[in-house]
2 protein chains.
Amino acid sequence: MNEDTKLDAAFSALAHPARRAILARLAQGAATVNVLAEPLDMSLPAVSKHIRVLENAGLISRGKDAQFRPCTLNAQTLETVANWTDQYRYIWEARFDAMDNILGSMKGNKDE
Amino acid sequence: MNEDTKLDAAFSALAHPARRAILARLAQGAATVNVLAEPLDMSLPAVSKHIRVLENAGLISRGKDAQFRPCTLNAQTLETVANWTDQYRYIWEARFDAMDNILGSMKGNKDE
DNA sequence: TCTTTATTTAACCATTTGGTTATTTAGTCA
DNA sequence: TGACTAAATAACCAAATGGTTAAATAAAGA
C-alpha cells in the first residue's frame, strides 16, 4: 500500500467518533470487542465493523485468546498521521509568530 | 460545532487525496478554483465539491475577487488535528524508548 | 454432549460520497 | 449589449458507509 493510500485509510478511519473512542480506550491497554463495545451506543456487529476499519487502516492489531479477539493500539500509524500534519506546522505557527511580532512591537512602542 | 464534530469533519476532509493535494497547493499561497483544479484529474464541479468539503471542515477559507473565489489555507484547523494525534505521541515514542533501552543495554553489556 | 460466551457473517436498508454532464449565475471586457 | 471567463448548482448515478436484526462459527465449561 502506498503512502497516499495509507493516509486515506487512516484519516477516514479517524473520522468517526466511535472509532476515536475505541482508540482512546486502547491507549489504556488491550481490550476485547465486548469491552470496547460496552460504552458505545450501538450493536455489537456495528462495533465489529468499526474495529475492522481500524484494523484495515493499520491503527490496531488483533490477537487471539480462546474465544476472545483482544485488540491493541498500533500507534506507529498515528505517528504517520502526525508526520503528515507536521508538514503544515510552520504555517500555523507563523500565525503566532505574527501575533508575537505585533505584541512585541506594541511592547516596544510602549517602552520607547 | 463541538470538538468531536469538528474532528469528524476535519479527518473526513483529509481522507481524500485530491483534498490533501489542494491543501498542499494552498500551503504555497492562495489559489483560485481553476488553479487548484488544473493538476487534478477530474471535472471542475468535482473540484468545487472538494473545496466545499474543505471549507465546511474549516480547513480553508474563500475570498472574493471579481469572478474569482480565491482559497486560502486555514492552518489552525490542522493544528487541532495535530493536537488530537499528540495525545498518543507518548505511546509511539515509548516504542523507541524501549528500543533505546535494548540498544543501551546491549552497549552496556559490550562495555562490561 | 449441551449450553453459554465471544465474535463474525449475512442480508438488508437509508444516507452519504464522489463522480459525471448540462445549465445557471456572476463578473469582465470589447 | 453581447461574448467570454470563473465558478456554482442541478440532476443524476454507482459505490461506499454505518447502522440494523438474524444466523453462523468457535471455543469454554458444566
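Placed above this text is the structure.
Keep in mind that what you see is a predicted model, and the values were worked out from it rather than measured.

Draft legend 1. Expanded view of unusual backbone geometry. Residues and elements named next belong to chain A. With a phi angle near 55°, alanine 66 is a residue other than glycine that sits in the positive phi range. Here alanine 66 lies in the loop between strand E1 (60-62) and strand E2 (71-73). With a relative accessible area of 56%, alanine 66 lands in the exposed category.

Draft legend 2. Layout of the protein's contact with DNA strand D. Around DNA strand D, the surrounding shell holds 21 residues, and the nearest of these are Ser43, Lys49 and His50 of chain A together with Asn34 and Arg52 of chain B. Counting only atoms of DNA strand D within 4 Å of the protein, the sugar-phosphate share comes to 76%. A distance of 2.7 Å separates a phosphate oxygen of DNA strand D from a polar atom in the side chain of serine 48 of chain B. Here a phosphate oxygen of DNA strand D sits 2.6 Å away from a polar atom, N or O, in the side chain of arginine 62 of chain B. Considered class by class, the residues forming the surface near DNA strand D number seven nonpolar, eight polar and six charged.

Draft legend 3. The protein's contact with DNA strand C, seen in detail. Residues in contact with DNA strand C amount to 21 residues; listed here are only the nearest, Asn34 and Ser48 of chain A together with Ser43, Lys49 and His50 of chain B. When atoms of DNA strand C within 4 Å of the protein are split into backbone and base, the sugar-phosphate part holds 74%. Here a phosphate oxygen of DNA strand C sits 2.7 Å away from a polar atom, N or O, in the side chain of arginine 62 of chain A. Within the side chain of histidine 16 of chain B, a nitrogen or oxygen atom sits 3.3 Å from a phosphate oxygen of DNA strand C.

Draft legend 4. Local environment of the packing of aromatic side chains. All told, the structure shown has five aromatic pairs over all chains when counted by the stated rule. Seen from their ring centres, tryptophan 84 of chain A and tyrosine 88 of chain A are 5.1 Å apart, and the 50° between their planes marks the pair as tilted. Tyrosine 88 of chain A shares its class with tryptophan 84 of chain A; the two are buried. Taken together, the ring pairs connect Phe11, Trp84 and Tyr88 of chain A together with Phe11, Trp84 and Tyr88 of chain B into an aromatic cluster.

Draft legend 5. View of the relation of the copies chain A and chain B. For the pair chain A and chain B, the superposition axis carries a translation of 0.0 Å, the fit reaches an RMSD of 0.0 Å, and the rotation angle comes to 180°. Here the copies are linked by what is in effect a two-fold axis. Interface overlap between copies: 100% of the residues of chain A at the interface are likewise at the interface in chain B, consistent with a symmetric, same-surface contact.

Draft legend 6. Region of the structure containing the interface of chain A and chain B. Every contact between the two is made by 28 residues of chain A and, on the other side, 28 residues of chain B. For the pair chain A and chain B, the summed buried surface comes to about 2,500 Å²; carbon and sulfur atoms form 68% of the total. Broken down residue by residue, the surface that chain A buries against chain B is led by Arg20, Tyr88 and Trp92 of chain A, which jointly contribute 23%. Across the contact surface, chain A and chain B share four salt bridges.

Draft legend 7. Examining helix H4 (residues 44-56) of chain B more closely. Residue and element names in this part refer to chain B. For H4, which comprises 13 residues, the first-to-last C-alpha distance of 18 Å matches the rise-based estimate of 18 Å (1.5 Å per residue) to within 8%. Buried residues of H4: Val47, His50, Ile51 and Leu54, and no others. The arc enclosing the buried residues of H4, seen along the axis, measures out at 100°, which places them on a common side. Residues of H4 that are exposed and point more than 90 degrees away from the buried face comprise Pro45, Lys49, Arg52 and Asn56. Backbone geometry just downstream of H4 places glycine 58 in the positive-phi region, at approximately 75°.

Here is what the cut-offs are and how they apply
- Residues numbered from 1 in each chain as written.
- Chains lettered and ligands numbered in written order.
- Predicted model: local features only at pLDDT ≥ 70, side-chain atom pairs only at ≥ 80, totals over all residues.
- Heavy atoms only, no water.
- Helix = DSSP H or I, 4+ residues; strand = E, 2+ residues; numbered from the N terminus.
- Buried < 20%, exposed > 50% of the residue type's maximum accessible area, 1.4 Å probe, protein only.
- Near = heavy atom within 4 Å.
- Polar contact = N/O pair within 3.5 Å; in protein donor to acceptor, adjacent residues only side chain to side chain.
- Nonpolar A, V, L, I, M, F, W, Y, C, P; charged D, E, K, R; others polar.
- Phe/Tyr/Trp six-rings, centres within 6.5 Å; stacked < 30°, edge-to-face > 60°.
- Least-squares fit on C-alpha atoms with pLDDT ≥ 70 in both.
- Contact = heavy atoms within 4.5 Å.
- Buried area = accessible area lost by both parts, 1.4 Å probe.
- Salt bridge = Lys/Arg side-chain N within 4 Å of Asp/Glu carboxyl O.
- Expected span 1.5 Å × (residues − 1).
- Arc of directions from axis to C-beta.

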